[in-house]
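One letter stands for each residue in the lines below.
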Amino acid sequence: MLLSLGFGVLVLALVLVVASASAVHIERKRLLALADAAAADAADAMDVAAYYAAEGSPATRVPLSDASVDAAVRDHLAAAPMVTAQFDDLRVAEPTGTPDGTTAQVTLTAVARPSLVPWALVPWADGVGLRVTASARAG
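Not measured: the values here are computed from a predicted model.

A. Structural context of the environment of Pro-63. For Pro-63, the position within the fold is in the loop between helix H2 (48-53) and helix H3 (66-79). It is 9.1 Å that separates the C-alpha atoms of Pro-63 and Ala-49, two residues lying 14 residues apart in sequence.

B. Main features of the sheet that holds strand E1 (residues 88-97). Judged by pairing direction, the sheet is antiparallel, and its 3 strands sit side by side in the order E1-E2-E3 without closing on themselves. Two strands lie at the open edges of the sheet, namely E1 and strand E3 (128-137), each paired on one side alone. The mean angle between the axes of side-by-side strands here comes to 20°, regardless of whether they run parallel or antiparallel. By the bridge criterion, 10 bridges tie strand E2 (residues 103-112) to E3 in an arrangement that is antiparallel. Paired with Ala-112 across the two strands is Val-128, which belongs to E3.

C. Geometry of unusual backbone geometry. With an omega dihedral of 5°, the bond running from Glu-94 to Pro-95 counts as a cis peptide bond. When you line up the elements, Pro-95 lands in strand E1. For Asp-89, which is not glycine, the phi torsion reads 55° and is therefore positive. Secondary-structure assignment places Asp-89 in strand E1.

Criteria and thresholds
- Residues numbered from 1 in each chain as written.
- Predicted model: local features only at pLDDT ≥ 70, side-chain atom pairs only at ≥ 80, totals over all residues.
- Heavy atoms only, no water.
- Helix = DSSP H or I, 4+ residues; strand = E, 2+ residues; numbered from the N terminus.
- Pairing = 2+ DSSP bridges.
- Axes fitted to C-alpha atoms, helices over the stretch in contact; angles between N-to-C directions.

Spelled out as structure tokens, the structure:
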């Protein structure tokens, strides 16, 4: 009887830990999808000054700048308040911008708070920090 009770408690704790880890993983995937969408939107954010500065021949690619990527990301997040409200402490982090002038790189951070926090996950009771980076090429 005591052995059955011990196994039952162990199985319950294991189920709660796996459910909490799955919830954090799903939250990270949702944050990555948001970063992908923001990066795709930012890849279309042309730096007008750089585009018209190319004298003689028009630019063959959409020129990006750190300022145009950052503004596009913030506009994208502001345009979707229902999506951004699902994340705790959502922030645009570094390196958000363009490393080469043709690729938009977006980094977002948030905090995942697992609803089932058993004793094994008490150190993460305040939440698990999530950080994702997505990039999209301007074309």
